[in-house]
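Below, each chain spelled out in residue letters.
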Amino acid sequence: MSLIDGAEFQPAEALLPAQQEAWAAQRAHVAENSAFYRALWQGAAPPADLRDLSALPLSDKAGLRLSQAAHPPFGDYLAAPRSAANRLHRTSGTTGQAMNLAMSARDSSITGTVGGRCQSSAGLTPDHTVVHCLNYQMWMGGVTDHMTLEATGALVVPFGVGSTDLLIRTIQEVGINAISCTPSYPAVLERVLEGMGMRPRDLRLKLGLFGGEPGLDDPALRDRIRETWGMEPRNANYGVSDVFSNFAAQCEHDTRLHYMAADVLWPELIDPETEEPLAIAAGVEGELVLTHLARDCQPLVRFRTGDIIAIDATDPCTCGRCGFRFRVVGRSDDMVVVRGLNLFPTMVAAVLSGIGELSGDYRIVLDAPPPYDALPITVELAKGREASDALRAEVEAAMKRNLGATARVTLVPHGTFPVTEGKTKRVLREY
């Protein structure tokens, strides 16, 4: 196994020899056993030095989808005998057709260990009893993320989604003090608790481990969770299902994501438009590209994640972890260009959360293909608030002032949008 104990605390230069050694075995495995990559590389041999990976073409989700359609169920990038796979997952399908993911016992073990580093960084310890409220039905966020929680030594309650009344009783009866869920899930619980005549603080949760969707980068949301629940919100679970379910998280000292998988996952940054390589350096923004250094069943090489990230720091954190620290700006397929401005849902959310008359929930509904002169946003009002032309004008002015973009705002009553237990899709393309 290529995992290195405490790899997240080792500087890049110390890890490089082990990374190169892992790549030597992995490149041979892919070249020999992955028909998908042999065809993509058109006979070219993968470079021996990881730092020369940019000589290879990029791979992406569209190519994997075509591969699985032509070679079901796992595609011709399955690089191990089917008998080597001992677990099947399926992606959530948030950004398109759901994908079948095959994992060997080693793949599962490495995934659990890397994710455990993330959950530990976010503050989960053996002293916690944590309830896991992500979907267990084939999705990586279920049993795989459950294993990352167990890797910390915490007592894990595998609850999943639904049966909210039972969840509330279980938290009270068992003495659960931490919850693992999406950032939007507390709103679901709040509505049920209100109907039961209870307050969120009555559950006595101390730690919230969030992932699966954006939102926690917004300081206003963090403050709201602290004030409403009395628990500390942590960004504990950033991953890409096809690659690793969780490989980045914050620590108690820095809310930015720390990259935790350097010993088994080689990162690159590219310009999403030109595909030119970019340096992983403070102040650089680009699309994250990943290469497995240890993967049996479906190894990926130079895989475009579609996530646009901003690198904020590459020096060691106060916590001692050495991976670069970054923020997720948005997904390339969620980006909306308005008069030349690249806008992401996270940017819109940051503006809306600063207006007290709004709930913070919204949808960007695109009913025609680009180009766009204005960003159409349907925004939900806070409870007890009424729509008015003055408030609509205020929201549009805030968008213009903060993002430089013209917005076309529609205000809708509180409760218009369903609260979801899974991922919430903010950009709806209806054309």
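The preceding data block contains the structure.
Summary of the structure given here. Values in this document were obtained by computation on a predicted structure and should not be read as measured data.

## Examining the overall build of the protein chain
- Scanning the protein chain from terminus to terminus reveals ten helices and 20 strands.
- Taking 2.2 N^0.38 as the reference for a compact globule, 431 residues should give roughly 22 Å; the C-alpha atoms of the protein chain span a radius of gyration of 22 Å, in line with that estimate.
- The C-alpha extent of the protein chain, read off along each of the three principal axes, is 65 × 55 × 45 Å.
- Split into buried and exposed, the 431 residues of the protein chain put 52% on the buried side.
- For the protein chain, the proportion of contacts with a sequence separation of at least 24, taken over those separated by at least 6, is 66%.
- By element, 51% of the accessible surface of the protein chain is carried by carbon and sulfur atoms, the whole surface being about 18000 Å².
- Of the side chains in the protein chain, 40 bear a positive and 52 a negative charge, and the two mean positions are spaced by 2 Å.

## Quick word on the packing of helix H9 (residues 345-352) against helix H10 (residues 389-403)
- Interaxial distance between H9 and H10 falls to 10 Å at its minimum, and their mutual angle equals 125°. Accordingly, the angle class assigned to the pair H9 and H10 is oblique. Note on packing geometry: the crossing formed by H9 with H10 is right-handed. Of the residues in H10, those in contact with Met347, Val348, Val351 and Leu352 of H9 are Val395, Ala398, Met399, Asn402 and Leu403.
- In terms of residue class, the contact of H9 with H10 is made up of eight nonpolar, one polar and no charged.

## A word on the packing of aromatic side chains
- Here the structure, examined in full by the defined rule, presents eight aromatic pairs.
- Pairing Tyr37 with Trp41 gives two aromatic rings, centres 5.4 Å apart and planes at 40°, and the pair type is tilted. With Tyr37 and Trp41 both in helix H2 (residues 35-41) and four residues apart, this pair spans about one turn of that helix. The two residues Tyr37 and Trp41 agree in class, both being buried.

## Considering the pairing of strand E8 (residues 244-249)
- Most of E8 sits inside the fold, with six of its six residues counted as buried.
- Bridge analysis of strand E7 (residues 232-240) against E8 gives two bridges, and the strand direction is antiparallel. Across the sheet, the residue bridging to Val240 is Phe244, located in E8.
- What sits between E7 and E8 in their antiparallel hairpin is a turn of three residues.
- Strand direction decides the pairing type here: E8 and strand E9 (residues 257-259), joined by two bridges, are antiparallel. In the sheet register, Ala248 faces E9, and the bridge partner there is Tyr259.

## A few points about the sheet that holds strand E17 (residues 358-366)
- With mixed pairing, four strands are arranged side by side in an open sheet as E19-E18-E17-E20. Only two strands of the sheet have a single partner each, and these edge strands are strand E19 (407-412) and strand E20 (427-429). Strand-to-strand twist of the sheet, defined as the mean angle between neighbouring strand axes without regard to direction, takes the value 25°.
- Here four bridges tie E17 to strand E18 (residues 375-381), and the two strands are oriented antiparallel to one another. Among the inter-strand pairings, Ile364 is bridged to a residue of E18, identified as Ile377.
- Against the sheet, H9 touches E17, E18 and E20, its axis set at about 145° to E17.

## Regarding the nonpolar core
- Ranked by size, the top nonpolar core spans 40 residues in total, and within it Tyr238, Val243, Phe247, Val264, Leu265, Val301 and Phe326 carry the most contacts.
- Element by element, the count of residues in this core is highest for helix H1 (residues 12-33), at four residues.
- The residues contacting Val301, other than those within four sequence positions of it, are Trp23, Val30, Tyr37, Trp41, Leu53, Leu56, Ser59, Leu290 and Thr291.

## Regarding the side chain of Asp307
- Within the element layout of this structure, Asp307 appears in strand E13 (residues 303-313).
- The exposure class assigned to Asp307 is buried, which follows from its relative accessible area of 6%.
- A distance of 2.6 Å separates a polar atom in the side chain of Asp307 from a polar atom in the side chain of Tyr238.

## Concerning the pairing of strand E10 (residues 265-270)
- The buried fraction of E10 amounts to six of the six residues, a majority that puts the element mostly inside the structure.
- Every second residue of E10 is oriented toward a common face, with Leu265, Pro267 and Leu269 on one face and Trp266, Glu268 and Ile270 on the other, all of them buried.
- In terms of strand pairing, E10 meets strand E12 (residues 285-292) through six bridges, oriented antiparallel. Paired with Ile270 across the strands is Glu287, a residue of E12.
- Sheet analysis places E10 next to strand E11 (residues 277-278), joined by two bridges and oriented antiparallel. Across the sheet, Ile270 pairs through a bridge with Pro277, a residue of E11.
- Here E10 hands over to E11 after six residues, with Glu275 in that stretch at a positive phi of 70°.

## Side note on the sheet that holds strand E5 (residues 178-181)
- In space, the twelve strands of this open sheet follow the order E4-E3-E5-E6-E7-E8-E9-E14-E13-E12-E10-E11, with mixed pairing throughout. The sheet is open, and its two borders are formed by strand E4 (155-158) and E11, each paired with just one other strand.

Reading the values: rules and limits
- By convention here, each chain's residues receive numbers from 1 onward along its written sequence.
- Given that this is a predicted model, residues contribute local features only at a pLDDT of at least 70 and side-chain atom pairs are listed and counted only at 80 or more, while totals for whole chains, interfaces and linings are drawn from all residues.
- Computation of side-chain values covers all heavy atoms of the structure but excludes hydrogens and water.
- Strands are runs of DSSP state E lasting at least two residues, helices are runs of H or I lasting at least four, and both sets are numbered from the N terminus onward.
- Only C-alpha atoms enter the radius of gyration, while the globule expectation follows 2.2 Å times N to the 0.38, with N the number of residues.
- Burial classes: relative accessible area under 20% of the type maximum marks a residue as buried, over 50% as exposed, and values in between as partly exposed (1.4 Å probe, protein chains only).
- Note on contacts: a residue pair qualifies if any of its non-hydrogen atoms lie within 4.5 Å across the two residues.
- Residue exposure ignores everything except the shown protein chains as possible cover, and the areas themselves are Shrake-Rupley values with a 1.4 Å probe.
- The sign given to each residue is positive for Lys and Arg and negative for Asp and Glu; His and the chain ends receive no count.
- Where a charge lies is defined by one atom per residue type, namely NZ (Lys), CZ (Arg), CG (Asp) and CD (Glu).
- To obtain each axis, a line is fitted to C-alpha atoms, and for helices this fit is confined to the stretch in contact; angles are then taken between N-to-C directions over 0 to 180 degrees.
- Should an angle lie under 35 degrees it is considered roughly parallel, over 145 roughly antiparallel, and from 65 to 115 roughly perpendicular; all remaining angles are considered oblique.
- Crossings are classed by handedness, with left-handed meaning an anticlockwise turn of the near helix from the far one by less than a right angle and right-handed meaning a clockwise turn.
- Following the grouping adopted for this structure description, the nonpolar residues are Ala, Val, Leu, Ile, Met, Phe, Trp, Tyr, Cys and Pro, the charged ones are Asp, Glu, Lys and Arg, and the polar ones are all others, Gly among them.
- A pair of aromatic rings is counted whenever rings of Phe, Tyr or Trp (Trp by its six-membered ring) have centres within 6.5 Å, and the orientation is called stacked for planes under 30 degrees apart, edge-to-face for over 60 and tilted otherwise.
- Whether two strands pair depends on DSSP finding at least two bridges between them.
- Put simply, a nonpolar core is a bunch of buried Ala, Val, Leu, Ile, Met, Phe, Trp, Tyr and Cys residues held in one set by side-chain atoms that sit within 4.5 Å of each other.
- For this analysis, a polar contact is any N or O atom pair within 3.5 Å, provided that within protein one partner can donate a hydrogen and the other can accept it, and provided that sequence-adjacent residues contribute only side-chain to side-chain pairs.

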